[in-house]
Amino acid sequence: AAAVGLYNLGQSCCLNSLLQVFLMNIRFTRILRRITVPLSPAQRRSNVPYQMLLLLEEMQCGKCKAVGPTELARCLAEHRVKLFVQHDAAQLFLTLWNLLKKQMKKPELVEELNDLYTICIQEHLACQKCSLEIKSNSTMLTLPLPMLDANSYRLKTLEDSLRYFFNPEELTGQNMCFCQQCGRKTAFLQSTKLVHLPQILTLHLKRFYFERSSCTYKLSHSLPFPQELDLRKVLTEDQCLADDREKATWQYQLFAVVAHSGSTSFGHYCAYVWSLTECKWYCFNDSEVCQVSWDDVKCTYGHSGSYWRETAYLLFYMKKHPQ
């Protein structure tokens with residue numbers, strides 16, 4: 001299967017980039033190929049997994065260098081996904097994911113889709129005055145990683161950003177919580193612990209920064225990310241709630257980067273994806289597809305001097321040895 005581009009339908013670069021990341025992933029397309037085809041034409045038109053499958057098949061028939069995702073875009077519009085507008089890749093990724101899950105009728109496929117992408121964490125709240133501890137488990141599709149620490153200092157690497165995300169935070173002053181045991185507001189220690197990681201780990205670099213003045217800035221400074229990521233080496237024992245068998249699978253290889261160039265209100269997305277069949281990097285820029293090197297991918301680390309240059313926004317890491 002050659003790498004095939006997607007025509008831009010009018011500000012559809014964000015959708016195109018995410019579709020390439022989904023459809024270049026063999027583990028995802030294996031699930032997609034097993035969906036139940038809806039019976040009526042109307043159901044088929046409004047079924048996101050089915051329209052994605054049709055697009056995949058059109059891309060794989062190998063006749064053209066690019067195809068138009070028109071039917072899928074129409075289908076998404078029926079589900080209130082606006083066309084011809086600027087999208088935020090992290091939000092659109094979540095929207096597509098929710099639609100896929102909702103419309104995949106077979107429970108075992110939904111289960112596989114969850115195994116492929118869902119991160120499990122546990123939130124801890126501990127009162128600093130008594131022994132009260134509150135724990136709650138939750139799932140996330142992406143880890144929203146900060147670019148700055150609490151004092152607005154730049155985090156230097158992806159590993160720093162991951163460690164910072166899982167660092168405990170003291171809730172004091174105005175952020176104090178009511179403790180039922182103490183019967184008053186007290187200081188709490190809030191922490192997030194990692195329980196389980198999926199086959200595809202999606203990291204969202206929070207480059208869009210909202211000021212209180214309701215302005216949005218883009219943080220374009222450099223944040224290097226590795227080709228290989230071992231979370232056992234990045235996080236401390238305290239930041240994990242997993243046994244050795246689970247942790248043994250926490251070794252990842254970079255699979256895709258969705259990069260953003262331009263400003264917050266006027267920007268463009270493209271995707272760098274590692275072809276699992278050909279073992280090469282490709283850059284998907286709408287209908288233009290070209291083979292690139294790891295050095296080209298590294299150009300999306302970011303650069304302080306230039307606001308308009310391409311910067312990585314979503315990173316997709318794939319497990320090296322899934323169980």
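Residues numbered from 1 in each chain as written. Predicted model: local features only at pLDDT ≥ 70, side-chain atom pairs only at ≥ 80, totals over all residues. Heavy atoms only, no water.

1. So, unusual backbone geometry
Then comes step 1: Positive phi, close to 55 degrees, is recorded for Q11, a residue that is not glycine.
Then comes step 2: Topologically, Q11 is positioned in the loop between strand 1 (5–6) and helix 1 (13–23).
Then comes step 3: One non-glycine residue, C279, adopts positive backbone phi at about 55 degrees.
Then comes step 4: Within the secondary structure layout, C279 lies in the loop between strand 15 (267–275) and strand 16 (280–285). (Helix = DSSP H or I, 4+ residues; strand = E, 2+ residues; numbered from the N terminus.)

2. Quick look at the pairing of strand 14 (residues 251–262)
It is a general feature of regular strands that their side chains alternate between the two faces of the sheet.
Then comes step 1: For strand 14, the tally of buried residues reaches 11 of 12 residues, placing the bulk of the element in the interior.
Then comes step 2: Here strand 14 runs beside strand 18 (residues 311–319); their pairing, made up of 8 bridges, is antiparallel. Its bridge partner being in strand 18, H260 is matched across the sheet by T311.
Then comes step 3: As paired strands, strand 14 and strand 15 are joined by 7 bridges and run antiparallel to one another. Note on strand 15: the bridge partner recorded for A259 is C270.
Then comes step 4: Adjacent in sequence and paired antiparallel, strand 14 and strand 15 are bridged by 4 residues. (Buried < 20%, exposed > 50% of the residue type's maximum accessible area, 1.4 Å probe, protein only. Pairing = 2+ DSSP bridges.)

3. Looking at the sheet that holds strand 6 (residues 169–171)
Then comes step 1: Spatially, 4-3-9-6 is the arrangement adopted by the 4 strands of the open sheet, whose pairing is antiparallel. The sheet is open, and its two borders are formed by strand 4 (133–140) and strand 6, each paired with just one other strand. Each strand of the sheet is rotated relative to its neighbour by a mean of 25 degrees, with strand direction disregarded.
Then comes step 2: Both strand 3 (residues 119–127) and strand 9 (residues 188–196) contribute to a ladder of 8 bridges, which runs antiparallel. Across the sheet, the residue bridging to A126 is L189, located in strand 9. (Axes fitted to C-alpha atoms, helices over the stretch in contact; angles between N-to-C directions.)

4. Concerning the environment of G302
Then comes step 1: Structurally, G302 is set in the loop between helix 11 (294–298) and strand 18.
Then comes step 2: For G302, a relative accessible area of 13% corresponds to the buried category.
Then comes step 3: Distance from G302 to E169, taken between C-alpha atoms, is 28 Å for residues 133 residues apart in sequence.
Then comes step 4: If we ignore the near neighbours within four places in the chain, the residues touching G302 are R207, S220, H221, S222, E310 and T311. (Contact = heavy atoms within 4.5 Å.)

5. Observations concerning the confidence of the model for the protein chain
Then comes step 1: Counting all residues, the mean pLDDT for the protein chain is 92, and 97% of those residues have values of 70 or more.
Then comes step 2: Ranking the elements of the protein chain by mean pLDDT puts strand 11 (residues 208–210) last, at 76, and strand 10 (residues 200–205) first, at 98. (pLDDT = per-residue confidence, 0-100.)

6. Thoughts on the side chain of D88
Then comes step 1: Relative to the helices and strands, D88 is located in the loop between helix 5 (70–78) and helix 6 (89–103).
Then comes step 2: As a buried residue without a salt bridge, D88 has its nearest oppositely charged side chain in K218, at a separation of 10 Å.
Then comes step 3: One polar contact links the side chain of D88 to the main-chain amide nitrogen of A90, over a distance of 3.1 Å.
Then comes step 4: Excluding its chain neighbours within four sequence positions, the residues that come into contact with D88 are C14, F208, Y269 and Y313. (Lys, Arg positive; Asp, Glu negative; His and termini not counted. Salt bridge = Lys/Arg side-chain N within 4 Å of Asp/Glu carboxyl O. Polar contact = N/O pair within 3.5 Å; in protein donor to acceptor, adjacent residues only side chain to side chain.)

7. Examining the side chain of S287
Then comes step 1: Tracing the backbone through its elements, the reader meets S287 in the loop between strand 16 and strand 17 (288–292).
Then comes step 2: Looking at S287, the relative accessible area reads 17%, which means it is buried.
Then comes step 3: Those residues in contact with S287, other than ones at most four positions away along the chain, are G5, L6, Y7, K65 and A66.

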